[in-house]
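Here is what each chain is made of, one letter per residue.
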Amino acid sequence: MRVGRMLLVLVVALAGGGLAGVPPAARAQAVQVQSSEAEAEAGQRVGYDAYSVMVGGRRVLVQAAEFHYFRLPSPELWRDILEKEKAAGFNAVSVYFDWAFHSPAPGVYDFGGVRDVDRLLRTAAQVGLYVIARPGPYINAETSGGGFPGWLKLVPGRARSSAPGYTAAYREWLGQINPIIARHQVTRGGPVLLYNVENEYAVNTDAAYMQDLQDVARADGIDVPITTNLCCDAASWTSTWASGDGAVQIPGVDDYPQSFDCGNAATVWGAWGAGITERVREDAPVFAAEYQAGAIDVNNAGYQACRELTGVAYTRYFPKSNLIAGGATAFSHYMGFGGTNWGWLAQPNDVYTSYDYGAAITEARQLTAKYDEYKRQGYFLHAVAGSLTRTDPVAAPAAAGLETLARANPDDGAQFVLVRNPGTAAVSSSLGWGRYAFPVTLPGHDAKVLVGGYALGGQRLVASTSELLTHEAIGGRDVAVLHGGQGTPGATVLRYPSRPRVTVLEGRVASVFDAASGDLRLDYKHSGLARVLIDGGGRRPLLLLLGTAAAAASFWRADTAAGPVLVRGTALLRSATATPGAVALRADTAAAGPVEVFAVGRAVTVDGVPVATRRTPSGSLLGRLPGPRPVVLPALTGWRQRAEAPEAAPGFDDSGWTVAGKTTSLSPFVPLTQPVLFSDEYGFHTGSVWYRGRFTATGAETSVSLNAITGKRGNYLVWLNGRYLGSAAGGVQADSDAPANPSPGAGEFAVPDGLLKPGAPAVLSVLVQNMGHNDDWTADDNRFRQPRGLVGARVNGSAAPVTWRIQGTAAIDPVRGALNNGGLYGERAGWTLPGYADHSWPWAGAAQGPGVTWLRTAFSLDLPKGQDTSVVLRFDGAPPAGYRAILYLNGWQLGQYGAAIGPQTDFVLPAGPLRHNGRNTLAIAVIATERSVAATPTLAVAGRDS
């Protein structure tokens, strides 16, 4: 293990006290290492026991949302997403690091620009979020190759194993990424809290491989706990890898109870189980390493349907059940923000351009009703973390017709009661809790977590049938927000040494005080926002805010050096600073309206602008904010059009192309003909690839038999001596389908009479799409090595030899990277770039094709400065059949559109690639299998989703 100037060993006692009797592997896992005394002073050690993760001895309830920086090609917007996650109550983000995104070739790595992960980790620290770092080397994540770079196909040895070739390759990657992660660890004053190795590695496991990943990490300076995520049932690990070689310190489990059946969102409920995370090890906390927070769109229903599948009802029921039934204290919700599969980032089998994922934050960075529910739960978890991070199961109060479970903290006695309704009809019941019977009404498929026996700041909460949003100490009093379903009954009991004074400031709330017990009971119905001021009684004052779920969602909280701040009326609260005299907010607004601030200050500014306020009976400051400035978007006109594909012409000069003459390959797919034409063998790993085969005609040729593997949604087009012969769907070899199809992308093309003259040269031209590389999630048969491009080619009726040349991506784009471009002529010639001179192109309008046609236009934007505007490119109507359109904004490939691609009609144009105040160039490559007129899009502003 490499260390710094001194080796400082910190021993963390396991649950049960000390290390005596702990298995050797567990003893090793209880040791935390920091690189030097200076770094130890700058950071804090990270430990854990059976209950929770601990930082500097303080228990932490890890509440993370997954974010993929590589799916948002705009570092300026990374902060936006991280601030929105923080604002929802998350205290961490989980981040995959995509090997393929950083490495276009062996030994070549790029960590600049949109790949600047140093910047990402610095930003997370500035926002105040922990990071769960996940560098793979295999990540899946529906990325091309599951994160494996295309060049790895040419490295011998089975991937995800101890094979020497693969070992050398992944050590090279980890040698690049680990030092970056290491210097940002919590132990060195940074945000990285946990380090995750591999991904869902449970089939045909190789313990030596898993152990080496950890040994390499430790040698590279990783000293936080090492985790992994087990797919989908931990049983295979529980019996074999709970300790010993390969075992990690905190094993986590992935849970996707709602399936990915977005097309049937209205009828699916817990299709894949109850979503209760298993405890894999008795000495480690329960870690829901990937807890479903959305879905991939496997049946092309559209991501709004996926948001319905995993919507508010799902989010209210399943994570809460896991919290209490499973006792999990570390969560990572997959995804918090999905983003965009721009360029050729995606694997081909399950996703298209959008990776919206039905997440709480949409691809266009807009908040949703699901975000509101995550915020309600996130604020609750933040408020009660001190008690909830150490609980044991206890007997639960009963409610007829409902299910109840409970946990309690053995130190402070705080109780957490899950009440859930697994049926579809609403149930009204009575919850017998201690000496009280409380009315409870729950809709079907709903759940709530209730709190009792709890120190609510300076108060004593006996019990409540309203859910707790948050409680804060502000200005010498407690402010607590509780909520429940619209129109449902609520009851809250607080205990006082003597009779308090109760003032109902707003709403209808009945109260009764029992002098014998000291209990003050409040009864009400959840409607709007009731306000109750309670003072005296031997405790500091309490402002109790009792509202609906919607009212609770209107609150935002932030911590400042002068204490916490609560805000209502903004669309988002990004941050706050406060002094005894003033409160400064960074906030977004969606419309003009009131803003209410609960803080110690007497004056309010929002984004640097003073806001006139008045003091309310609740003690808050009430003012009014203007709405956002109007946004005017230009029409997209002045399109120019040019046909390409000179590669189809017999006289095209291909002498500079790569000769395709290999006879062997490491791919498990046996080529159907010789030579081997797999595009990866010749260094072309992304996008379109052209082949040109030359032969001497005999005149007896009858047809051309081709076979190509493109991945799902791909196709290929064929010309002979410049004559278009037709197209065929590319082959699909999904990563777990069996048996393998020996002829997955067959196409038969007749040779027109008289086209070929005996003894004359002939040229066969083929344009093949590569839709991305298979992932390798089963880790058992190298499916990621499945080839792309032509896998078989034969001219029937002639024995004349065919010599082949191949051309793909001409060069790696120094700004956008290796996954941005393919090998279309226009891509190689710079037609995607804003500086290309297209003034000689004719105006668009005429039908073109079959083949490749390019459209280009330019437009200028002057969007309001300092205002976050999300712009999308929108096509009207259903995606068309017969062609696919590849979309480029200022050289960035930001989408693919067409019926064969998927249902997507809106394509996000993120700031960065999109110049909000300046001139932009839009280019579209249309690959048509028949003569057609391509649709042109419009610009639109994305708004808050449902």
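Scroll up to find the structure this text is about.
Residues numbered from 1 in each chain as written. Predicted model: local features only at pLDDT ≥ 70, side-chain atom pairs only at ≥ 80, totals over all residues. Heavy atoms only, no water.

Draft legend 1. The arrangement of the sheet that holds strand β4 (residues 53–55) in detail. Judged by pairing direction, the sheet is antiparallel, and its three strands sit side by side in the order β3-β4-β5 without closing on themselves. The outermost strands of the open sheet, each flanked by one partner alone, are β3 (46–48) and β5 (58–60). Averaged over all adjacent pairs, the angle separating strand axes in this sheet is 40°, with direction ignored. Pairing analysis gives three bridges linking β3 to β4, with the strands arranged antiparallel. Its bridge partner being in β4, Gly47 is matched across the sheet by Met54. (Pairing = 2+ DSSP bridges. Helix = DSSP H or I, 4+ residues; strand = E, 2+ residues; numbered from the N terminus. Axes fitted to C-alpha atoms, helices over the stretch in contact; angles between N-to-C directions.)

Draft legend 2. The environment of Gly745, seen in detail. Along the chain, Gly745 falls in the loop between β45 (723–729) and β46 (746–750). Since its relative accessible area comes to 1%, Gly745 is described here as buried. Taking the C-alpha atoms as reference, Gly745 lies 4.6 Å from Gly730; in sequence the two are 15 residues apart. When residues no more than four places from it in sequence are discounted, the contact partners of Gly745 are Leu706, Asn707, Ala708, Tyr716, Ala729, Gly730 and Gly731. (Buried < 20%, exposed > 50% of the residue type's maximum accessible area, 1.4 Å probe, protein only. Contact = heavy atoms within 4.5 Å.)

Draft legend 3. The arrangement of the side chain of Gln185 in detail. Positionally, Gln185 belongs in the loop between α6 (164–182) and β9 (192–196). Using a relative accessible area of 0% as the deciding quantity, one classes Gln185 as buried. Within the structure, the side chain of Gln185 is placed 3.2 Å from the backbone nitrogen of Val224, a separation counted as a polar contact. Excluding anything up to four places from it in sequence, Gln185 contacts Gly190, Pro191, Val192, Gly221, Ile222, Asp223 and Val224. (Polar contact = N/O pair within 3.5 Å; in protein donor to acceptor, adjacent residues only side chain to side chain.)

Draft legend 4. Layout of the pairing of strand β44 (residues 715–720). In terms of residue burial, β44 counts as a mostly covered element, since six of its six residues are buried. Going residue by residue along β44, you find Asn715, Leu717 and Trp719 tucked away on one face and Tyr716, Val718 and Leu720 tucked away on the opposite face as well. In terms of strand pairing, β44 meets β45 through six bridges, oriented antiparallel. Along β45, the bridge assignment pairs Val718 with Gly726. Counted between consecutive antiparallel strands, the loop separating β44 from β45 contains two residues, among which Asn721 sits at a positive phi close to 50°.

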